[in-house]
Amino acid sequence: MSIVAVLPARGGSKGIPRKNIKLLAGKPLIAWTIEAALAARSVDLVLTSTDDEEIAQVARKNGAQVPFLRPLELASDTASSEDVALHALSWLQQNERSQVEFVLLLQPSSPLRSAEDIEAAIALQRDKRADAVVSVCETSHPFQWFKNLGPNRELLPWQTGAGPSRRQDARPVYQLNGAIYLVRSSVVLKEKTFFPERTFGYLMPPEKSLDIDTPWEFYLAELILKDQRGSSFY
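Residues numbered from 1 in each chain as written. Predicted model: local features only at pLDDT ≥ 70, side-chain atom pairs only at ≥ 80, totals over all residues. Heavy atoms only, no water.

Right, let's talk about the side chain of Ser185 for a bit. Relative to the helices and strands, Ser185 is located in helix H5 (residues 185-191). Residue classification places Ser185 among the buried positions, given a relative accessible area of 2%. Contact partners of Ser185, with chain neighbours within four places excluded, come to Leu89, Val100, Glu101, Phe102 and Val103. (Helix = DSSP H or I, 4+ residues; strand = E, 2+ residues; numbered from the N terminus. Buried < 20%, exposed > 50% of the residue type's maximum accessible area, 1.4 Å probe, protein only. Contact = heavy atoms within 4.5 Å.)

Relative to the helices and strands, Thr193 is located in the loop between H5 and strand S10 (199-203). Setting aside anything within four residues of it in sequence, one finds Thr193 in contact with Glu82, Val183 and Val188.

Attention shifts here to the sheet that holds strand S1 (residues 3-8). Pairing is mixed in the open sheet, where 6 strands are placed in the order S4-S1-S5-S9-S6-S10. Whereas interior strands pair on both sides, the edge strands pair on one side only; in this sheet they are strand S4 (45-49) and S10. Direction aside, neighbouring strands of the sheet carry axes that sit 30 degrees apart on average. (Pairing = 2+ DSSP bridges. Axes fitted to C-alpha atoms, helices over the stretch in contact; angles between N-to-C directions.)

Here the structure, examined in full by the defined rule, presents 7 salt bridges. A salt bridge links Arg18 to Asp52; the nearest nitrogen and oxygen atoms lie 2.8 Å apart. Within this pair, whereas Arg18 is found in the loop between S1 and strand S2 (23-24), its partner Asp52 is found in the loop between S4 and helix H2 (53-61), the two being separated by 34 residues in sequence. The class for Arg18 is partly exposed, based on a relative accessible area of 29%. For Asp52, a relative accessible area of 15% gives the class buried. Here Arg184 makes a salt bridge to Glu101, at a shortest N to O gap of 3.9 Å. Residue Arg184 is located in strand S9 (residues 174-184), and its partner Glu101 is located in the loop between helix H3 (81-95) and strand S5 (102-105); the two are separated by 83 residues in the primary sequence. Here the salt bridges do not stand alone but share partners, grouping Arg18, Asp52 and Glu54 into one network. (Salt bridge = Lys/Arg side-chain N within 4 Å of Asp/Glu carboxyl O.)

This is the structure in structure tokens:
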């Protein structure tokens, strides 16, 4: 298989209990990502990696494959996304005899990412012959505005050195938005990272870069999706 999408969805989410199957604009949160992955024509398999049987049932109902339940040691707070991807690749190789060229990690917490975004990231990989493509968005404020707070709430520099004081004079800074991680399987197996040397950034707009981790972010996503329902967003 060329590209396998892996959706990590553990049952023990802390910020929003049962987040992955909580209804968002009428659908379980994970369903938005499954739909986008299934609609991306370059993706060969959409696989959900979870330790939770209820999440597995919801994922299957919405069209994803769930051929295994993830081991509990890979469902803890300390387990990394790389660990989840490596486990899925190993399972496919051992049980399906499948050699996968690329693993595409799609977090369910990014429901505003579309099939078009996935295809564009894949196209960027092909154009650059990249080992990895990771989605980013421009930060809302230049890093020169960032500050630290001392023990007595005194305002301290975030880093040494002066920078432009006006936003329009500052160089753009980009942050990971968590929506897309496309990595060559042989590279992630060898280097255990989604950020090898030849990693390129797929730029997404802020309005599609919401990564849900808090009830407030969940509320914002619901407002956006309810407003967009009936459009050609997916």
